[in-house]
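What the coordinates show
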Amino acid sequence: VLAELPFLPPTERGGENEVRIDLAPPGARPLPLLLDTGSSESFATPSAARELGISLRRSKQTPYRRATRLDRDVDISVDMRRGETTSSAGGDWAVLGGRFLASFVVEIDFPGRRVRFLDPKRFEVPERTAAANEAVLPIRLVGNRPIVEIEVGAARIPAAITTGAPGTLLLARGWAAGASLTPNPEVTATLAPAPGAGRLEAVTAARFQIGPFAESEVPMLVAEHGAQGAGARSEAWLGVDLLKRFVLRIDYPRKRLWIAEPAP
């Protein structure tokens, strides 16, 4: 174990579903970052970068580098095109993304509210497990984002494990036909279109499953053009509301996911 870090206290914006950790070396200025396995890169909005102690330079075209307690620097990109104090849609963010995470085996223990970084030279997720209440699933990496197959109704759907998404599942419209979805028009009427994704529809899925773990009557959203406009048959976003009952170990180097449901 290279580091074991507790979840930081929830913010008003993200509540209990935020996976935020302080990656600063001991004794250094805090480096609180939202761990988002669904983000390819680490980035910050200008205001969030200032809070991290980053001195912004308008002419700088490369990421800002910060030391971490893992003896590996993190490169944080900051978009200055819209001004130093401009927030992104949804507020200010400082995100730890996949380019950094891909060097480790990352354990996210939602029930225990902690993250562990494991040395991939000394620890690996096994190819299989026979233990009860756990499974090993293959993943593929797309832009350092782990993609796992899930089932919604009768549809088998690729889904990005997205620990920065607070909801259950954001499903592209092209998968809806076989997913056994029941519309919820009252909730849909309250939803504004999402950037790139187009119209959002609130639905309930009769069945959701990842590996051997199944749930019924799961509320989720269907995006007309897919998450961020990626297309009608693009990957779903698997969010924290469906992940928070599990302990996950993402073995980036070997492309394996260990998922376990702790005993009550």
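Residues numbered from 1 in each chain as written. Predicted model: local features only at pLDDT ≥ 70, side-chain atom pairs only at ≥ 80, totals over all residues. Heavy atoms only, no water.

**Notes on the sheet that holds strand 4 (residues 43-44)**
Quick reminder of the rule: At least two bridges found by DSSP between two strands are what make those strands a pair. Put simply, DSSP marks the helices as runs of H or I at least four residues long and the strands as runs of E at least two long, and each gets a number from the N terminus on.
Ordered by their spatial adjacency, six strands build an open sheet running 2-3-7-4-6-5, and the pairing between neighbours is mixed. On the outer flanks of this sheet lie strand 2 (20-22) and strand 5 (64-66), each paired with one strand and no other. Two elements, strand 5 and strand 6 (residues 74-78), share three bridges in a ladder whose sense is antiparallel. The residue of strand 6 that forms the bridge with Arg 66 is Val 74.

**What to know about the sheet that holds strand 8 (residues 105-109)**
The test is simple: Throughout, an axis means a line fitted to C-alpha atoms (over the contacting stretch in the case of helices), and angles, computed between N-to-C directions, take values from 0 to 180 degrees.
The strand order across the open sheet built from six strands is 1-9-8-19-20-10, with neighbouring strands paired in antiparallel fashion. The sheet is open, and its two borders are formed by strand 1 (3-6) and strand 10 (134-138), each paired with just one other strand. Each strand axis lies, on average, 15° off the axis of its neighbour in the sheet, ignoring direction. Examined bridge by bridge, strand 10 and strand 20 (residues 256-260) share five bridges and lie antiparallel to one another. By the bridge assignment, Ala 135 is partnered in strand 20 with Ile 259.

**Observations regarding the pairing of strand 14 (residues 169-172)**
As a reminder of what qualifies: Only protein chains enter the accessibility calculation, which uses a 1.4 Å probe; a residue whose area is less than 20% of its type maximum is buried, one above 50% is exposed, and one in between is partly exposed.
A two-sided burial pattern is seen for strand 14, the buried positions comprising Leu 169 and Leu 171 on one face and Leu 170 and Ala 172 on the other. Here two bridges tie strand 14 to strand 18 (residues 236-238), and the two strands are oriented antiparallel to one another. Within strand 18, the position partnered with Leu 169 by the bridge is Leu 238. One ladder, built from three bridges, connects strand 14 with strand 17 (residues 213-223); its direction is parallel.

**Thoughts on unusual backbone geometry**
Even without glycine at this site, Ser 180 takes up a positive phi of about 55°. For Ser 180, the position within the fold is in the loop between strand 14 and strand 15 (181-183). Judged by relative accessible area, which is 42%, Ser 180 ranks as partly exposed. Within the chain, Gln 228 stands out as a residue other than glycine whose phi angle is a positive 55°. As for its position among the elements, Gln 228 is in the loop between strand 17 and strand 18. The exposed category is assigned to Gln 228, whose relative accessible area is 61%.

**A closer look at the pattern of salt bridges**
Quick note on the threshold: We define a salt bridge as a side-chain nitrogen of Lys or Arg found within 4 Å of a carboxyl oxygen belonging to Asp or Glu.
According to the stated counting rule, one finds 21 salt bridges in the structure shown. Salt-bridge contacts for Glu 235 lead to Arg 140; the nearest nitrogen and oxygen are separated by 3.6 Å. With Glu 235 in the loop between strand 17 and strand 18 and Arg 140 in strand 11 (residues 140-142), this pair connects stretches of sequence that are 95 residues apart. The exposure class of Arg 140 is partly exposed, given its relative accessible area of 40%. Through salt bridges with shared partners, a single ionic network connects Glu 4, Glu 107, Asp 109, Arg 114, Arg 116 and Arg 249.

**Things to note about the confidence of the model for the protein**
Selection criterion: Per residue, pLDDT captures the predictor's confidence, and it can take any value from 0 to 100. In what follows, residue pairs with any heavy atoms lying within 4.5 Å of each other are defined as contacts.
Of all residues in the protein, 95% have pLDDT values of 70 or greater, and the mean over the chain is 92. Within the model, pLDDT remains below 50 along residues 82-89, and this stretch shows 14 contacts once partners closer than five positions in the same chain are excluded.

**Some words on the nonpolar core**
To be explicit about the condition: In this text, buried Ala, Val, Leu, Ile, Met, Phe, Trp, Tyr and Cys residues form a nonpolar core when linked through side-chain atoms within 4.5 Å.
Residues Leu 23, Leu 35, Leu 96, Phe 117, Ile 150, Ile 210 and Leu 238 are the most contacted members of the largest nonpolar core, which totals 66 residues. Apart from the residues lying within four places of it in its own chain, the contact partners of Leu 238 are Val 148, Ile 150, Ala 159, Ala 160, Ile 161, Thr 162, Thr 168, Leu 169, Phe 208, Ile 210 and Leu 243. In this structure, Val 105, Val 136, Val 247 and Trp 258 belong to the second largest nonpolar core, which totals seven residues.

**Observations regarding the environment of Leu 70**
For Leu 70, the location among the structural elements is in the loop between strand 5 and strand 6. Along the chain, Leu 70 and Gln 228 lie 158 residues apart, while their C-alpha atoms are 32 Å from each other. Sequence-distant contacts of Leu 70, defined by excluding residues within four places in its chain, comprise Leu 2, Ala 3, Leu 23, Phe 100, Phe 104 and Phe 117.

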